[in-house]
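Architecture and fold: a report
Listed below, chain by chain, are the residues.
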Amino acid sequence: MINSIFVMSPTGEVLIEKHYRNYISRTCCDLFWGEVQQASHPQEVKPVLVTPKYYLIHVQRYGMYFIAVLNREVTPLLVTEFLHRVVDVFRDYFNEVSEESIKENFITVYQLMDEMMDNGIPMTTEPNVLKTMIHPPTILGRVANSMGVSDKSSINQDLPEGMLSSIWWRKKGVRYTNNEIYLDIVEDIDCSIDTNGLMVTCDVSGEILVNCKLSGMPDMTLAFTNPSIIDEVNFHPCVRLSRYERDKVMSFVPPDGKFKLASYSINTPPQSLTLPLYVKPQVHFSGSAGRVNIMVGPKSNLAGRTIEDVVITVPFTKNIATTNLTVNHGTAHFDDATKCLRWEIGKVPKEKSPSLSGSVSLVPGSETPESGPTLLVDFKIVMFSASGLKIDSLTLTGEKYKPYKGVRFVTKAGRFQVRS
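All of the points below concern the structure found in this document. (Residues numbered from 1 in each chain as written. Predicted model: local features only at pLDDT ≥ 70, side-chain atom pairs only at ≥ 80, totals over all residues. Heavy atoms only, no water.)

Attention shifts here to the overall build of the protein. Scanning the protein from N- to C-terminus turns up 7 helices and 23 strands. By principal-axis analysis of the C-alpha atoms, the protein measures approximately 75 × 55 × 45 Å. For the protein, the proportion of its 420 residues judged to be buried stands at 45%. Here the protein has roughly 21800 Å² of accessible surface; of this, 50% comes from carbon and sulfur atoms. Computed over 43 positive and 45 negative side-chain charges, the separation of the two mean positions in the protein equals 5 Å. (Helix = DSSP H or I, 4+ residues; strand = E, 2+ residues; numbered from the N terminus. Buried < 20%, exposed > 50% of the residue type's maximum accessible area, 1.4 Å probe, protein only. Areas by Shrake-Rupley, 256 points an atom, 1.4 Å probe, with all protein chains shown as cover. Lys, Arg positive; Asp, Glu negative; His and termini not counted. Charge placed at Lys NZ, Arg CZ, Asp CG, Glu CD.)

The backbone of Tyr 62 shows a phi angle near 55°, a positive value even though the residue is not glycine. Summarising the element assignment, Tyr 62 is placed in the loop between β4 (55–61) and β5 (64–70). Here the phi dihedral of Asp 309 falls at roughly 50°; this positive angle occurs in a residue that is not glycine. On the secondary structure map, Asp 309 appears in strand β16 (residues 307–315). Note on Asp 309: relative accessible area 45%, which makes it partly exposed.

Reading across from one edge, β2-β1-β5-β4-β3 is the order of the 5 strands in this open sheet, with antiparallel pairing throughout. The sheet is open, and its two edges are formed by β2 (14–19) and β3 (48–50), each paired on a single side. The sheet shows a mean angle of 20° between the axes of neighbouring strands, direction not considered. The pairing of strand β1 (residues 4–8) with β5 spans 5 bridges and is classified as antiparallel. The residue bridging Ser 4 from the neighbouring strand is Val 69, located in β5. Packed onto the sheet, helix α4 (residues 106–116) meets β1 and β2 and runs at close to 30° relative to β2. (Pairing = 2+ DSSP bridges. Axes fitted to C-alpha atoms, helices over the stretch in contact; angles between N-to-C directions. Contact = heavy atoms within 4.5 Å.)

Looking now at the packing of aromatic side chains. Under the counting rule described, the total for this entry stands at 11 aromatic pairs. For the cation-ring pair, Lys 18 lies above Tyr 20, with the distance from its terminal atom to the ring centre recorded as 5.8 Å. Directly above the ring of Tyr 278 sits Lys 280, whose terminal nitrogen or CZ lies 5.0 Å from the centroid. (Phe/Tyr/Trp six-rings, centres within 6.5 Å; stacked < 30°, edge-to-face > 60°. Lys NZ or Arg CZ within 6 Å of the ring centre and 35° of its normal.)

Quick look at the pairing of β16 now. Of the pairings in the sheet, the one linking β16 to strand β21 (residues 374–382) comprises 5 bridges and is antiparallel in character. Bridge assignment links Val 311 to a residue of β21, and that residue is Asp 378. Note: β16 against strand β19 (residues 340–346), 6 bridges, orientation antiparallel. Within β19, the residue paired with Thr 313 across the bridge is Arg 342.

With that settled, the discussion passes to the state of the cysteines. Taken as a whole and assessed by the stated rule, the structure comprises 0 disulfides. Between Cys 28, a cysteine without a disulfide, and Cys 29, which holds the nearest cysteine sulfur, the sulfur-to-sulfur distance is 4.3 Å. Its relative accessible area of 4% is what places Cys 28 among the buried residues. For Cys 191, which is in no disulfide, the shortest distance to another cysteine sulfur is to Cys 202 and amounts to 4.2 Å. You can call Cys 191 buried: its relative accessible area is 2%. (Disulfide = S-S within 2.5 Å.)

The structure is reproduced here in structure tokens:
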């Protein structure tokens, strides 16, 4: 299976190296970093790199690189999923994944990687189970580690309860004064719009995130009004797969705390999806100058909901010399180093449509661009489902209490592109 795992910073420094089978030299990371430097963008690096001796499988998240090294061929998606689980666990433990957080929690990182994999085979990847064995770092523990003293209180010497049962993801004896369960259904829109404002491609994918604070051993059932639109579902191990295949309902005993119940995609045709906002860019170049005009606004299908955290990114060509741009809402900043314009709109007001207009000048003697740049759009809408997915019921059995249940839909922009 996996021989070694390396964690590299955005600058190419090896922060973590963990060997599970035999020792592998860091020179394989030099080969990987060479591929990163040759690529025009880090995301263009192939997820699987083949060398004469090894296979390098990596994921990039939060600007960092998580690399698995193998000496034999295995299913790449299995390795990729495990690397994503590693990043998710780091995020759950340290609240962020960055070069600083990994260096500050150096000992905890190695303890987690020891428990998550045994001899190159994935073992315990559930954050709730890991926290019963390795306690999240505390200020006192960090002080002890900085002084070179081992904080033994962070490690549980006993095997967690339930590890040998069929419901290993939930410990026994959980008790809460107030029994609550919250569901966040977060959907991402990956869309490409051409210069005429027509949709070229549009895909919607989503995640069902749960925060469970229920006592005892509850048995939950989640039913949807329109389950037929859900496709390619990836479940948490707690979901009973046979029940879903038969009745299209999610039946599960939830872990304690926060977890991802399922991820899915939508199988409806793109023509049936309605985008929540419009972006109308007009970028024209003539001679040594160009005119820029961008307008943003909500569409009528929002039913009064507000579009938040709107950011428009315009990557201009490298031959842009100066800009003279004004906005009627938000703030715009042009980075001379990257030639990238970032327009932070925030909440889209209902009384007016945010717009950006002005001119740009080219470097004297440079070639006039034949087409305008492709805009990248970010946004978030609370209590709005891009797919139209609706929950029919969320019921509890196995316990006598009646919990408080909360459901929230959130729609975000994934890779949302608009050509100008």
